[in-house]
Every structure is written in structure tokens, then in C-alpha cells.
Amino acid sequence: MSKLPQIYAENIHRWLPELLWFALTTLKIALVSFALAVLVGLAFALLRTSRIVLLRGLATAYIETARGLPIVVLLYIVYFVPPQLFPGINWQWFTDFTGAVLGLGLHGGAILAEVFRSGIEALHKGQREAAVSLGMTPAQSMTYIILPQATRIVLPPVANYAIGLLKDTSLCSLIGVNEIMNDAKSIAFADYQPMAVFVLVAVIYFVMSYPLSLIVRVLERRLAVSR
Amino acid sequence: MTFWQYLEAKGPYLLTTLLGGWPQTAIVAIGSLLFALIFGLAVALVRLSAWRPLRWPAIAYIEFFRGTPALVQLFVIYFGLPDIGLSPTPLQAAIVGLGMNGAAYLAEIYRAGIESIHRGQMEAALALGLTPGKAMQHIVLPQAVRTMLPPITSFAIVLLKDTSIVFSVGVVEIMALARNLVTETLHSAAVYLIAGLLYLCMTIPMSRLAARLERQRQAWQ
Amino acid sequence: MTPLLRVVDLHKSFGELTVLDGISLDVERGQKVSIIGPSGSGKTTLLRCVNYLEKPTSGHIYIDGTLIGEKEVGGRYVHLSDRELAKERADIGFVFQRFNLFPHLTALGNVTIAPQKVLGLTREAAEARGREMLQKVGLGHKIDQYPERLSGGQQQRVAIARALAMQPKLMLFDEATSALDPELIGEVLRVMRQLAEEGSTMVIVTHEIQFAGEVSDRVIFMDHGKIVEEGPPAQVLSNPQLPRTREFLKHIQDR
């Protein structure tokens, strides 16, 4: 343990640039997955409120399944199952990066669908009634009254999800994606310094996630006041 | 052979093989849950201690373990500790790793639970002549436990799902066996889908239970 | 003269529970009608049926001679959807017990959003009208405040201005002062009285018996979903004909 500062002094100029380079991949995965998760989440939140029972049931089944599976298992399923079930299609475009983003996005979509739905339902029924009694159509009341308020409500949970997503990108290493975890493993074993390297990786993750969690805390306080 | 034919033929074999991983999954889940429950309580109490300087290590612990991925923490423990002379087995590394990670989350659940009951009840207890210690023991903590049951159940479900990462440090649980099966049979689709089903059979009933507990808590409030 | 509002044999049940049991009434243009009665008598439900926030189980409602809320389809009547109802609701102003102001908009924003989005006014025109309405209710100096900064009485007055900005034919007040602290009730009643004097057509559900007496042309006493007694205030409030009315008024007076 006491040798750590010395180990870092000798090696950090080699390790850090390389790890940071792969940290960019991590960020890329996180950003694309986040975007996908938001879209999927919105879509399924709307389906959940649909009047057609079949659509509602499908949405609920999807959400419960994607939330009930561990992310790792979902990643393995998303990446390995389609090419085997449909061997006729050309799967060359389906890289591990794509599989990872798809898996994380589908998982996140299920989580965000519930966040969005409860955000809309949290609004007092009276808001909708006031809007329609002024002559607004349901679409207008949703656009000008419900959604602006719901957005404020869902912002903290969505930001919290983003932080979790950043950490969950580490699981992509388990299906072979070349992000920071896999790079760390190769450096650690090449240089025989697993403790030093993995602690460094932990610090890099912390530096990426901590500012976000501070922002979330500020957001939570600000948005709680203005209601 | 189509997928469905394969499933019919080899399904039972795959299922029984995968179920062989269930004991290790359970051991890791329960072991790390207990570790997290106890260690998390300790961290929470230090976090809430009256002596301010003592709080900072607890806060640092919570922030760090919540701000870094569990996988990294596992690797530090399993691959890193041998550097300083400790050689944990895969199982030990998994339980301690997930346990320490979980303790950080539970510490916050404990803190929120205690703080949600704290003020008015504590004041009433003190007004009746109870000491702060007795007030905490007989009035605040029993109520806090009821409040904390739903989030702790949710956390237990998360922990169960997290056991799926410990194959990376050598624990032979469900996912480890799944990967072996795929190497053996080359039929990744059937194997991973059955593994997924196994997890769903565990997590979905637990989620229903957690939801029921949450509804009960709302009713009490 | 066709009455501005005509309610014909309105029934409303929620499952097994009958809340409105055959209500019929007319309100002429410029009339002020107050509806009083114990909780559960159905008065709020009646009001909410008029602008179809609740859909009647049976019965019909006419505004200015036109049937609202329903359309005839193959000989039967079918309720309109919320989208189709929007146009009709624009002509009816509704003031809620709990104000229901939009918290993400300023007072001016609350008052101008419907004229813009529903009536199609330009922003300038809507704001001009909005300022006028807020001045009218005595809140010209608060136009840029958000609802959370306003007292209950001020919020309710903004809500009234918001409804007025749509220039409705009819104003409905659902216990507009019941959620207010006693000191704040007066300022809202003052605005309502002013509207009454200006000739608005108003249907007021209220517990403020004295106010009802001062402002109304007619008072209706409801109980258990039926109209028990109705007539001019001098009669219903000071000299009620029926024992139930008498009992209710005595109970209210004793508070």
C-alpha cells in the first residue's frame, strides 16, 4: 500500500493517457445509450397510458422484463441471441459497441418509462381540469400545461439514472467492448500492478460521476422549492 | 435444427445445468446482503454521529462507493489485494465487494429512514423524560425500520441482479455456468434466454413483494 | 327569450351512488343564481356537469339554446370527446375551489395562455386583455409573479381573471372561497360582487349565505341530489317554505 505513490510516480505518465482515451469510449457509450433510453422510455410511457389494452399489456410486460433482468444478462441476450435466431441476416454491422448500446438503452428505457409515467401522474388532476375548462383540447393541455410541469418533476430521477448508466457502462467490458475496464485489465496484467491500475480506474470513474451527482443534488433542491 | 426444436431437445439439460449455479448465486446474494446490512448500519451511525470530524470518513466512503462501479470495486479486491498480501477467494471477494458497495447504499437508506422519523418523535420522547439513547432505541428505530423495509427490499433485488457480475472474478454461479454451456454447445441463444428466465423467476416475485410493502407503508402514513 | 343555460332532467350516478336525481333549471342572461346545500347534496357535481367535467348519466344541457356535450348519432345521444368539448368549454368560465393555477406560468401567463392557444389571439392582444383582467381583479401590480408567491385570495382572483379573459357567456363558481383563510374571503367576494353588478351571468355554488343573499336573483337549495326549494333570496333565505331548508339554514347560522 505504501508503495502506491512510488508506483504511480513511475507509471502514471503511461497509464493515464491510455486510460483516459478509453474513458472517452465509456462516455460515448453512455451518451448514446442515454439518448436511446430517453426515446424508448418516452415511447413506452405513452404506450402504458394507451387505451388499447393489448398495447398497455405489451408495454408493461416489456418494462417488467427489462427491469427484472440483470444488465449483464440483458447485454448477453441482446448481443448473442439475434444473430443466432436469425442466421439469414448479415450481422456484420452489429458490433459489440452496438449491442452494448442497444442493451443499455433498452434497459434504461424500461426504467425511464416508469419515471416518465409517474412524473405525469404526479400532477394534480386539477391542472388538466383547469386547462380543459378554459377550452384547451387534451393535446393542448398536455403540451402547454402537463408536460412542462412533468419535465421539471422527472429531471432529478433522469439525472440520477444517467449517473447509474455511466457506472453500468463498465459491464459492457464483460461482452468484450473495448472501453476503460478492458483496457485497465490489459495494463494491469501486463505491468503486474492490478491494485494501482484498478484504483486509478476507480478514481477516473469517480471524477466523471461526482460532478454529475452534485448537479443532481442542486437540481433536486431547486426544483423542490419552485413547486 | 430450428431454435424451438433445439429448445425442446436440450432445454431440460440447459436448465438443470444452469440451476446448478443457483447455490453460489444465493450464497453471494445473501452473504453480501448481510454484510451490507450490518456494515451499512455502522457507516450510517458514524455518518450521523454527533462528533463532526467522525462524519467525514463515512461521507467519503459513501460518496466513493456510490460513485464508482461495483465491477471496479470487485477487481480491486480480487486482483488488487494479493499485491498487499491478502488473497481472497472468488467467493470472499464477491461477498466483500458487493457487500461494501451495498453498505454505501444502505447507509443512505438508513439515514433517510432515521431522519424521516427523527424530530417530532424524538421531541415527544424527550418530553416524556426518556434519554436520547432510549428514545432512539424504543421510539425512533422501531418506526424507522417499518419505513425502511420497502427500499431495503428493493435493494435486495438489485443485489440479486448484481450477482450476475461475479463470474468475472471466478465465482461459479449462474452466469459462469451459462458461459461454459455456450462454449460447450455453441447455442448462445437458448442458454442466455433460459438464464434470463431464471433470473426473472427470482426478481419478479420479489418486485411484487416490494411493491406490496410500499403500498402498506403508504397506508401507515 | 331563450335562457342562457337550461338544464333538463339531469341525472348523475357514480356506480351505485346517485348524486344528481333529476335536476332541471333555467338561468336567464344576466341572472345570478346561487346554489346552497349540505356537502354531498350534489351541487358541485351539478356545476361540473354544466361544463362537462363530469358526464351526466342522463339529461341534457343547453347553452343559448344549443345542446352541448352530446351529439346525436343514429337517433341516440353520444357524449362528445374532450377534444370536441374544448370549443364549447371556451364559452363557459369555471372557477375551482382549489384555484388550479398553472404553477409554471406567471399570473399574466396564466391569464393569457388560453386566449392565445384556444382563441388564437396574438401575444400582444392576449397580454393587453390579460393586463386588463388582472387590473379588474385588483392585481395589476402582480402580473409577473408566479402563483407560489401569491396568497390564496390573490391566486383565486387570478383564477377568476383567467376565466374572464376568455370572455365566456357564463361564469361558474365552485365554492370559490371555501379553501381560503377567513381574512382572504372578502377580496374574492368583492370581485364576484363587481362581476355581478356588471351584468355577468353567474351560477355560484357557495357556503357564504349572506353573500348569496346580497348578490343573487335566485337561490336554489339542494339536498340529496334534488332541488328542494328555489326562489328569490328574500324568500328562500329569510322565509323558507320547507322544513329541510329551514333546518339547513339554522345549522349554517349556528356556526
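The preceding data block contains the structure.
First, a word on scope: everything that follows refers to the structure included in this document. Quick caveat: nothing in here was measured; it's all calculated off a predicted structure.

The rules behind each value
Residues numbered from 1 in each chain as written. Chains lettered and ligands numbered in written order. Predicted model: local features only at pLDDT ≥ 70, side-chain atom pairs only at ≥ 80, totals over all residues. Heavy atoms only, no water. Axes fitted to C-alpha atoms, helices over the stretch in contact; angles between N-to-C directions. Helix = DSSP H or I, 4+ residues; strand = E, 2+ residues; numbered from the N terminus. Parallel < 35°, antiparallel > 145°, perpendicular 65-115°, else oblique. Left-handed = near helix turned anticlockwise from the far one by under 90°. Contact = heavy atoms within 4.5 Å. Nonpolar A, V, L, I, M, F, W, Y, C, P; charged D, E, K, R; others polar. Salt bridge = Lys/Arg side-chain N within 4 Å of Asp/Glu carboxyl O. Phe/Tyr/Trp six-rings, centres within 6.5 Å; stacked < 30°, edge-to-face > 60°. Buried < 20%, exposed > 50% of the residue type's maximum accessible area, 1.4 Å probe, protein only. Lys NZ or Arg CZ within 6 Å of the ring centre and 35° of its normal. Polar contact = N/O pair within 3.5 Å; in protein donor to acceptor, adjacent residues only side chain to side chain. Pairing = 2+ DSSP bridges. Core = buried A, V, L, I, M, F, W, Y, C linked by side-chain atoms within 4.5 Å. Buried area = accessible area lost by both parts, 1.4 Å probe.

1. What to know about the packing of helix α2 (residues 22–47) of chain B against helix α3 (residues 52–67) of chain B
Residue and element names in this part refer to chain B.
Part 1 of the reasoning: Orientation of α2 relative to α3, taken along the N-to-C sense of each, is 135 degrees, at an axis distance of 7 Å. As far as their axial angle goes, α3 and α2 are oblique. The hand of the α2/α3 crossing is left-handed. Contacts between α2 and α3 involve Phe39, Val43, Val46 and Arg47 from the first element and Leu54, Arg55, Ala58, Ile59, Tyr61 and Ile62 from the second.
Part 2 of the reasoning: Residues that form the contact of α2 with α3 fall into these classes: eight nonpolar, no polar and two charged.

2. A word on the pattern of salt bridges
Part 1 of the reasoning: Tallied over the full model, the rule gives 25 salt bridges over all chains.
Part 2 of the reasoning: Each of the salt bridges in this network shares a partner with another, and the network as a whole consists of Arg48(A), Glu114(A), Arg117(A) and Glu121(A).

3. Focus on the packing of aromatic side chains
Part 1 of the reasoning: Tallied over the entire structure, the rule returns 25 aromatic pairs over all chains.
Part 2 of the reasoning: Relative to Phe79(B), the ring of Phe198(A) has its centre 6.1 Å away and its plane inclined at 35 degrees; by these criteria the two rings are tilted. Highlighted residues: Phe198(A) in helix α8 (residues 194–225) and Phe79(B) in helix α4 (residues 70–80), drawn from two different chains. When sorted by exposure, Phe198(A) lands in the same class as Phe79(B), which is buried.
Part 3 of the reasoning: Aromatic ring contacts, followed pair by pair, group Tyr76(A), Tyr79(A), Phe80(A), Trp91(A), Trp93(A), Phe94(A), Phe167(B) and Tyr192(B) into a single cluster.
Part 4 of the reasoning: The residue whose ring lies beneath Lys12(C) is Phe14(C), and the NZ or CZ to ring-centre distance is 4.9 Å.
Part 5 of the reasoning: Directly above the aromatic system of Phe102(C) lies the positively charged group of Arg162(C), at a separation of 4.6 Å from the ring centroid.

4. Overview of the side chain of Arg89(C)
Part 1 of the reasoning: By the secondary structure assignment, Arg89(C) is in helix α2 (residues 82–89).
Part 2 of the reasoning: The class for Arg89(C) is buried, based on a relative accessible area of 2%.
Part 3 of the reasoning: From its side chain, Arg89(C) meets the backbone oxygen of Asn51(C) in a polar contact 2.9 Å long.
Part 4 of the reasoning: For Arg89(C), the contacting residues outside a window of four places in its chain are Val132(A), Ser133(A), Gly135(A), Asn51(C), Tyr52(C), Leu53(C) and Asp82(C).

5. Considering the sheet that holds strand β5 (residues 66–68) of chain C
All names here are of chain C.
Part 1 of the reasoning: An order of β2-β1-β4-β5 is seen for the four strands of this open sheet, with the pairing classed as antiparallel. Bordering the open sheet on either side are β2 (17–27) and β5, each of which pairs with just one other strand. For this sheet, the mean angle separating the axes of adjacent strands, direction not counted, is 30 degrees.
Part 2 of the reasoning: Two elements, strand β1 (residues 5–14) and β2, share eight bridges in a ladder whose sense is antiparallel. Bridge pairing links Leu10 to Ile23 in β2.

6. Some points on the nonpolar core
Part 1 of the reasoning: Residues Trp15(A), Leu19(A), Leu18(B), Ile165(B) and Met175(B) are the most contacted members of the largest nonpolar core, which totals 117 residues.
Part 2 of the reasoning: Not counting the four nearest positions on each side in its chain, Trp15(A) is found in contact with Ile7(A), Tyr8(A), Ile187(A), Asp191(A), Gln193(A), Ala196(A), Val197(A) and Leu200(A).
Part 3 of the reasoning: One finds Val27(C), Ala114(C), Leu170(C) and Val205(C) within the second-largest nonpolar core, a separate group that totals 42 residues.

7. A look at the interface of chain A and chain B
Interface size, as often reported, equals the accessible area lost upon joining of the parts.
Part 1 of the reasoning: Taken together, the 35 residues of chain A in the interface contact 36 residues of chain B.
Part 2 of the reasoning: Summed over both partners, the interface of chain A with chain B buries about 3,200 Å², with 73% contributed by carbon and sulfur atoms.
Part 3 of the reasoning: Put simply, chain A and chain B have two salt bridges between them.
Part 4 of the reasoning: The shortest N-O distance in the salt bridge between Arg217(A) and Glu63(B) comes to 3.2 Å.

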